[in-house]
Amino acid sequence: MGSDGIFYTNRRSFMKWSAILGSSFLGRNSVFKEIFIPYNPEKPQDNESKIIRTGCPAHNCGGRCLLKVHVKDGIITRIETDDRPGDDISDPQLRACIRGRSYRKRQYHPDRLKYPLKRTGKRGEGKFERITWDEAYEIMYNEISRVIKQYGNSAIFIPYGTGSYTNLNGRWPAVRLMNLLGGSLGYYNSYSWACTNIATPYVYGTLNTGNQRQDWLNSKYIIMWGWNPAEMKDGTNSEYFIRRARENGARTVCIDPRLSMSAIALADEWIPIRPGTDAAMMSAMAYVIITEKLTDDDFIRRCCSGYDSTQMPAGCENEESYKDYILGTRDGIPKTPEWAEKITAVPAATIARIAREYATIKPAVLYQGYGMQRRAYGEQTVRAGAALSAITGNIGIPGGWASGLGSQAGGEPFWSVFPSGENPVKARIPVYLWTEAIIRGKEMGPADGVRGVAKLDNNIKLIWCIASNILINQHSNINRTAAILRDENLVEFIAVQDNFLTPSAMFADLVLPACTQFETWGVEDGWKYGEEVFLTPKIVEPLYESKSDYRICADLAKRFGVWNEFTAGGRDEKAWAEWIIDEIYRKTRFPEMPAFRELEKSNAGVYVKPVSKPVVAFADFRKDPVKYPLKTPTGKIELFSKPLHEMNNPEIPAVPKYIQEWESPFGKEAEKYPLQAIGHHYMPRVHSTHFNNEWTSEAFPQVVFMNKADADKRKIKNGDIVKVFNDRGALVARCRVTSKIMPGVIDIPQGAWYMPDKEGIDRGGNINVLTTERWTALAKGNPQHTIMVEVEKFKG
Amino acid sequence: MPEYAFYINSSACSGCKTCQVACKDKNDLPTGVNWRRVYEIEGGGWKEENGVFVSQPYGYFLSLSCQNCENPECVKACPTTAMHVNASGIVAVDSELCIGCRYCSWACPYGAPQYDQAKKVMTKCNLCEDYLSIGTKPSCVMSCPMRALDFGTWEEITSKYGTGENVFPLPDPSQYKPGIVIKPHRNSAMTRNDKAYIAENEYK
Amino acid sequence: MDSDYIFLVFFTVLSQSAAGIFILREVMLYSSYNYMIDKHLRIITLLIAGLIVLIAIITASFHLGKPLQAVHTLRNLKSSWLSREILFILIFSGIILLYLFTEFFTESSSIKISLSISGIIAALGLIVCMSGIYMLKTIPVWNTFLTPSSFFLTSALTGISVMFIIIPAGFGKGSIIYPVFSLLMILSLIVSAFLYFTGETSSVVLFITRLVTGLMALLVPLLIYSGIIPNKMPSRLFLLLLLLFTEIIGRCIFYTGFYKSGL
C-alpha cells in the first residue's frame, strides 16, 4: 500500500492517511467497512516536538531496549534509540532493533482495533458489529457472572498471553480482577521454555544456571548450540557481548540446521545438524571426552551425582549411570561419533574435534538455544547439554557456563510484578494443555500434569484472552483448535482483548480494543537478562476508543462492585507504575534506583545498574558443594535423576538420552512426509506481533526457506508459491530457495498470521497448521518444531 | 578523495536491517523506498557424502546507503542537475528540479537513488545532514545493535579503520571513488572462487 | 527494470524511425533517386517524420515522474547523455519544422542544403546520444557496440520500409534496396540474439517471436525482389507493420535484458 509521503507529521495528513488506509484490512474489509471513521482527537495541546524516553513496548521479545520517542501534536513522529554516552561494556547502550524502530507502523496501523465489537456471524467467521463500551461491559459482566454461577470459577480461563509486559497492559490486571471474584483456572510453565523450565531443575535444582552476560568476555570457547541471539534477541546486546567475547579471543562455533544470522555474524565455524538429534551429538561428544580422559574428574567427584556406578543415589546403585549410557555398557550401543554421525549428519571427525575443543579450550560456554527444546524430547537435549558442562567442569568458573535454561545468577528480572493476588482456585494445568481442559477437563489429573488438585472440577467454559494470540495462531494444530473453539457447546464465551483483530480475535464473541503501551503508563524490566528497569510513560492518548488493559479491568471491577479493592483505593495506571517502582523495585532488586518522581522528571526512561563484576553461577557450590548444596535431592548436579527414574517411563529416562522423535526422517512417516519443518523466531516480529507491520515485513517477508537440493527435486524455483502440508493441514507461502538451510529441512518462520482460504488452506504461512497438539512426556510442553511435511508447487 | 565515509564492518553485521528501518523512520520513507539497504550475499552449496555434509554454503551481509562518491555517476547522468553535490559536499537531489526519469538509478552502481512512486521524484540518503549539523551521526549509524557502522569525514574514518577492502558485489571503486570503508566478512573471500549472488535480488 | 519501459520502447523505436526517414529522404534527394521524390512527397515525408517525433516525445513523457518539469532536462548538457539527447531531439524537431516551412515558402537551395546537412547531423547526433544514455558501466549488457548498432539498424530499417509505402511508384522489382533491407534485417536479428543471450531476464517467448517475425520481415523483400509476390501496396504495408512489430519486440528484448552489475 502506498502510504508514501503523506505521513502523520501533521494532523491533517494523518487524518487523510487514516481515511485512505482505513479500508485496507488484510482482505477482511467487511469487518470495518461500515464502522470506520477517521481518528478525530481533541485539539493538539502543543506544536513543539518533544522527546520522551521509554522502554520499547515489551511484547515477548527477549530484548528490552530504550526508545527516544519524538512526539508532536500528540502524534509520534519519530522513534530513535539509546544514545547515552559511553556505551561501556558494563552498561552498554540498549539499542532497539528493527522491531522497535518500525513501531510507528504498528502504532498507527489502519487496522488498529477502534471500538468494542460483538460477533454477528458464526464463531471464527470474523463477522462483527460495533457496540459501545457500556454494552461490552454488560456482556462481560453477564457472561462471567453466569459461568461462575453455573459452573464455578474454575471454568474460567485467562490464557497464556505474552503480547504485553508492562504490568498495566497485559493479562495480569484481569487475573487480579478474577482473583477478587473467586479466581480462575491457573496454569504453569510457558510455550517458550517448556522443556528447559522443567528439565533444568532436575539437573541443577534451579533455573538460574547462567552467569551475567558480561562474563562471556572471559570465555575462550563458545558453542552456540541452536542459539541465534542476533535474530531472536536473547536479551538486548547478547549478540554484541558475543562479538566482544570474540574480540577478546574466544573461538565461537554455531551448531544449527540453518546458517542463521548469528552463525554468520558471530561464529567462526558453523556445523549444520539434523533437527532433533542434538542429544545424539552431545552424547557422542561425551563419549569422546570420557574415553579420551578429558573429563574434569575432580569436579565430577565433588559436584556431580550419577556420573558412574561409584556415585549413584541410594536405592539406585544398580541402575544405568550416565557413563554406562554413553559407553553403551548396558544397551550395547557405545555412543561413538560414528554412531552419532548417522543420526545427526555431522561428520564423526567434526563431532570428535568439537568435543576435544570444548573439553580442552577452557573456560568454555555451551549455550543452548530454546528452539531445540521445543521438540518431542526437548527435556533430553537440555539435560544432555548440561551433562557436557558438568563433566568438563565448566561450571562455577568465570568464562564457563552451566547450560540448561541459564537465567542469570544473582537474580533474574521480575517480568511482571503487578499484584494479581492469590488465586482461590488451586487447580493449575500445564500451559500447553488448555485445549485438553476444554474437551476433557473433568478427566484431567496429575497424569496430565495438573497441579493443585486431584482432578479438575470443570471443563473450560469461558476464555478471556488478553494480549495473546494463543487461541489460534500460536497454539499447535490450528485446524484442531479452530474446530474446538467453533463448538459453542464447549467454550461458551470467548472475549479477546488486543490491539488488532488477530486470528485469535477472529474467534471471539466479544472483542475489546486495548491501547498500545505508548498509550498508557507501565513499567518493564529485562526478559532473561539485564539489570535495568524501564519506566514507560503514557506518551500519546489511546487511539479511538481503545483503553489500557488495566482500565478495562477497572471499569469491569466497578460493575462487579470490587472497584475499590481492584484499584487499591483508586490507583490509576500512573499510580500503579509509581507503586511498582517505589514499593517493589526500590525495595528489592534496585534499592539505589531513583524514585518514580525523579525517574519521571529526568526523562531517562530507564534505570541501569552497571555490571562491572559479572556474577558467576554456582561459584560457591563449586568451591564447597557441601556448604552450598544445590536444591536437588542429592544436593549435587544430577546426571542421574532418581525422581525421574521413579517415574518409570521410557520417554523419561533417568540419564539424558537420545530418543528418536515421534515424527522423524528415520520413521515410517518420512515416506509420506520426507521433510523436517522447523519454525524459527524471525527477525521482523516477536512471535505474531508485528506480522502486519509493513516496514518489518518489507525487510523480511514471510517465506518458506528450502534447500536447493530439495527444491530441485520438486521443481521449485526461488520465488515460487509453494504448498506445505501434512495430515494436519496445509499452508501456502512464497519459497525462498537458499543454500543457508540443510537439505531435508525447511524453515517456516513462526508467528505468521493464520488466514485460511475457502478450502481451509492457510494463506498467511502459519506453521501451526502443521504442528501437533501432542505434548512432551515430562514437561507436558509444546514440541512445535518436531514435524514432518511435504512441499509442492502451489497450483491455484 | 571523497568528502565523507561510512565504515561498514561486514564481519560484524548480522543482517538485522535495523539501520534500514531506522533510516525509514527518520526520513518518513514509504515501503519500497530504502535509502539504506542491507544486502544478503549468499553462495556455496552442499555435498552429501555417506549421509554427512562435507561442503558448506556461506553468507554475509552488506549495509549500504549512498557512498557520496568523489566521481558521482548519478550527478553526471542526471539531465536536470537535480542530482548535485551540495554546499556541504553531500550528493543530494533537488526535488524541485527532478523530473523522475530514474536515469541516475541506472548510473549508480550502489543502488543509492531510490524512486518515490508517490512523490514522482528520486530520493536518496542525505547523510542525515540535519544531524551532522548538530554533531550527531546519521540515524543508521546510531541504530546498529552490533555497532558495525560508523561515519565521519574520509580522513577521520580512514585514519581510524584504514581504507578497508572492496568486496563482492561492489564495483571497482577506482572509477567512482566511493566514500566507504569496508571491513570484510571472512566469507567474502569465498566469492573469489565461487559464484555468489545477492539473495534478495534472486528472490524478487 | 521498471514495467513502464514500454514507453521507452516506443520512444526509441519511433524517434529512430523519424531519424531514419529523414536521413533516407535527404540521401535520396541528393542522389540519383531524387526523381522518386516530388514536391508533394518532400512535404509528406517531412510531415511524417515530424509527426513521429512528436508522438515519440509525448510517449517518452509518460515515462517521467513529472513530465511538466521536462524543461529542466536541458540543464546538464555538460555531462548527461540524456540532456544531450533531449537537446538533439529538439534541434531535430526544429529543423524539420523549419524545413517544412522552407518547402512551402522558398526554393532557396542553399537554405535547404544547410537544413539538410544540419538535419542529418541532428538525426545522427540524436542516435549517438541515445546510445550514450544506455552505454553505462553499470549495465554491462548495454555497454557494448550492440546498443548503437541496434539503434542505427532500427533507423535504417524503419526508414526504408516507410519509404516503401510513401513512394507510390516504389522501387522496382530487382532493386538493390530489397537485398540491402534483408541484409540489415539479418544484422538486426543477430544484434537481438546477442542482446538476448547476454541479457539476464529476457523471456524466451519474446525471443522466439522476434526470430519468427524478423525472418518473415527478411523474406518479404526478397520475395518482392524476386517477383514472387507483387510489388503492391498491401505487401508493402504488411512489410512495414511486420517490421515495426519485430523491431518493437527486439527493443523489448533490449530492455528486458537489463541487469545492473553492482547493486
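Read on for a plain summary of the structure. Given the structure is predicted, the values throughout are model-derived calculations rather than measurements.

When helices and strands are tallied, chain B shows seven helices and 12 strands. In terms of C-alpha radius of gyration, chain B reaches 18 Å, essentially the compact-globule figure of 17 Å for 204 residues. Over its C-alpha atoms, taken along the principal directions, chain B stretches across nearly 65 × 35 × 30 Å. Classification of the 204 residues of chain B by burial places 66% in the buried group.

Scanning chain C for helices and strands turns up eight helices and zero strands. The linear arrangement of helices and strands in chain C, starting from the amino end, is α-α-α-α-α-α-α-α. A compact globule built from 263 residues would reach a C-alpha radius of gyration of about 18 Å, and chain C, at 19 Å, matches this within 12%. Principal axes of the C-alpha set define a box for chain C whose edges measure 55 × 45 × 25 Å. Taking as baseline every contact in chain C between residues at least 6 positions apart, the subset at least 24 positions apart corresponds to 78%. Distance between charge centroids for chain C: 2 Å, based on 15 positive and 9 negative side chains.

What follows concerns the interface of chain B and chain A. With 55 residues of chain B in contact, the opposing surface of chain A contributes 64 residues. Taking both sides of the interface into account, the surface hidden between chain B and chain A amounts to around 4,600 Å²; carbon and sulfur atoms contribute 52%. Our enumeration of links across chain B and chain A arrives at seven salt bridges. Of the charged contacts in the structure, one is a salt bridge between A:Asp87 and B:Arg147, with a shortest N-O distance of 2.8 Å. Connecting chain B to chain A are 32 residue pairs in polar contact (both at pLDDT 80 or more). When contributions to the side of chain B that touches chain A are tallied by element, the ones reaching two or more residues are helix H1 (18-27), strand E2 (37-43), strand E4 (52-55), strand E5 (58-64), helix H5 (139-143) and helix H7 (199-203) of chain B. The greatest single-element share of the side of chain B that touches chain A, amounting to seven residues, is contributed by H1(B). Per-class residue counts for the side of chain B that touches chain A are 26 nonpolar, 18 polar and 11 charged.

So, on to the state of the cysteines. Counted by the stated rule, this structure contains zero disulfides over all chains. The thiol of B:Cys125 is not disulfide-bonded; the next cysteine sulfur, from B:Cys66, is found 5.6 Å away. You can call B:Cys125 buried: its relative accessible area is 9%. Unpaired in terms of disulfides, C:Cys129 finds its nearest cysteine sulfur in B:Cys101, a separation of 15 Å. Judged by relative accessible area, which is 4%, C:Cys129 ranks as buried.

With that settled, consider the sheet that holds strand E5 (residues 128-130) of chain A. Residues and elements named next belong to chain A. If you walk across this open sheet you meet the six strands as E5-E4-E16-E15-E14-E6, and the pairing is mixed. The sheet terminates laterally at E5 and strand E6 (156-157), the two strands that pair on one side only. With five bridges joining them, strand E14 (residues 462-466) and strand E15 (residues 493-498) adopt parallel strand pairing. For Trp-464, the partnering residue across the bridge sits in E15 and is Ala-495.

So, about the environment of B:Ser65. Residues and elements named next belong to chain B. Topologically, Ser-65 is positioned in the loop between E5 and helix H2 (73-77). Here the alpha-carbon distance between Ser-65 and Asn-193, two residues 128 residues apart in the chain, equals 27 Å. With sequence-adjacent residues up to four places away left out, Ser-65 is seen in contact with Phe-6, Trp-35, Arg-36, Arg-37, Tyr-110, Ala-112 and Cys-125. In this structure the side chain of Ser-65 is engaged in a polar contact, spanning 3.1 Å, whose partner is the side chain of Arg-36.

The next subject is the nonpolar core. Of all hydrophobic cores here, the largest spans 89 residues; its most connected members are A:Trp216, A:Met224, A:Tyr367, B:Ile8 and B:Leu62. Counting the residues that make up this core, at least three belong to each of domain 2 (196-404 + 628-639) and domain 3 (669-793) of chain A. In this structure, B:Cys101, C:Leu29, C:Phe207 and C:Leu242 belong to the second largest nonpolar core, which totals 88 residues.

Within a regular beta strand, the side chains point alternately toward one face of the sheet and then the other, so they alternate between its two faces. Residues and elements named next belong to chain B. A large share of strand E1 (residues 4-9) lies buried, amounting to six of its six residues. The alternating pattern of E1 places Tyr-4, Phe-6 and Ile-8 on one face and Ala-5, Tyr-7 and Asn-9 on the opposite face, and all of these are buried. Inspection of the sheet shows E1 paired to strand E10 (residues 149-153) by five bridges, in the antiparallel sense. Pairing of Tyr-7 across the sheet is with Asp-150, part of E10.

The interface is formed by 36 residues belonging to chain B together with 34 residues belonging to chain C. Summed over both sides, the interface of chain B with chain C buries roughly 2,500 Å², with 58% coming from carbon and sulfur. Considering only the surface of chain B that becomes buried against chain C, B:Ile99, B:Tyr103 and B:Trp106 emerge as the three largest contributors, covering 30% of it. Joining chain B to chain C, the criterion identifies one salt bridge. Between C:Lys137 and B:Glu73 there is a salt bridge, with its nearest N and O atoms 3.4 Å apart. Linking chain B with chain C are 25 residue pairs in polar contact (both at pLDDT 80 or more). Sorting the residues of the side of chain B that touches chain C by element identifies H2 and helix H3 (103-107) of chain B as the ones contributing at least two each.

All names here are of chain C. A cluster of nonpolar side chains, contributed by Val-204, Val-205, Ile-208, Leu-211, Val-212, Met-216 and Phe-238, occupies part of the molecular surface with about 590 Å² of accessible area. Among the elements that take part in the nonpolar patch, helix H7 (residues 204-225) stands out by supplying six residues, more than any other. Tracing the sequence through the fold places Val-205 in helix H7.

Here we take up the packing of aromatic side chains. The tally for this structure, following the rule as stated, stands at 70 aromatic pairs over all chains. For the ring pair A:Phe590 and A:Tyr607, a centre distance of 5.4 Å and an interplane angle of 65° mean the geometry is edge-to-face. With A:Phe590 in the loop between helix H21 (573-584) and helix H22 (596-602) and A:Tyr607 in strand E19 (residues 606-608), this pair connects stretches of sequence that are 17 residues apart. Judged by relative accessible area, which is 11%, A:Tyr607 ranks as buried. Here C:Phe197 and C:Phe207 contribute two aromatic rings whose centre-to-centre distance is 5.5 Å and whose plane-to-plane angle is 75°, an arrangement assigned as edge-to-face. One end of the pair, C:Phe197, is in helix H6 (residues 177-198); the other, C:Phe207, is in helix H7, and 10 residues separate them in sequence. Judged by relative accessible area, C:Phe207 falls into the buried class, the value being 10%. Among the aromatic residues, ring-to-ring pairing joins B:Tyr103, B:Trp106, C:Tyr5, C:Tyr134, C:Trp142, C:Phe151, C:Phe254, C:Tyr255 and C:Phe258 into one connected group. Its end group placed over the ring of A:Tyr544, A:Lys114 keeps NZ or CZ at 5.3 Å from the ring centre. Here the basic side chain of C:Arg84 rests over the ring of C:Trp81, its NZ or CZ set 4.6 Å away from the ring centre.

What counts and how
- Residues numbered from 1 in each chain as written.
- Chains lettered and ligands numbered in written order.
- Predicted model: local features only at pLDDT ≥ 70, side-chain atom pairs only at ≥ 80, totals over all residues.
- Heavy atoms only, no water.
- Helix = DSSP H or I, 4+ residues; strand = E, 2+ residues; numbered from the N terminus.
- Rg over C-alpha atoms; globule rule 2.2 N^0.38 Å.
- Buried < 20%, exposed > 50% of the residue type's maximum accessible area, 1.4 Å probe, protein only.
- Contact = heavy atoms within 4.5 Å.
- Lys, Arg positive; Asp, Glu negative; His and termini not counted.
- Charge placed at Lys NZ, Arg CZ, Asp CG, Glu CD.
- Buried area = accessible area lost by both parts, 1.4 Å probe.
- Salt bridge = Lys/Arg side-chain N within 4 Å of Asp/Glu carboxyl O.
- Polar contact = N/O pair within 3.5 Å; in protein donor to acceptor, adjacent residues only side chain to side chain.
- Nonpolar A, V, L, I, M, F, W, Y, C, P; charged D, E, K, R; others polar.
- Disulfide = S-S within 2.5 Å.
- Pairing = 2+ DSSP bridges.
- Core = buried A, V, L, I, M, F, W, Y, C linked by side-chain atoms within 4.5 Å.
- Domains from an automatic or database assignment.
- Patch = residues over 30% accessible without salt bridge, like charges linked within 9 Å, V, L, I, M, F, W, Y side chains within 5 Å.
- Areas by Shrake-Rupley, 256 points an atom, 1.4 Å probe, with all protein chains shown as cover.
- Phe/Tyr/Trp six-rings, centres within 6.5 Å; stacked < 30°, edge-to-face > 60°.
- Lys NZ or Arg CZ within 6 Å of the ring centre and 35° of its normal.

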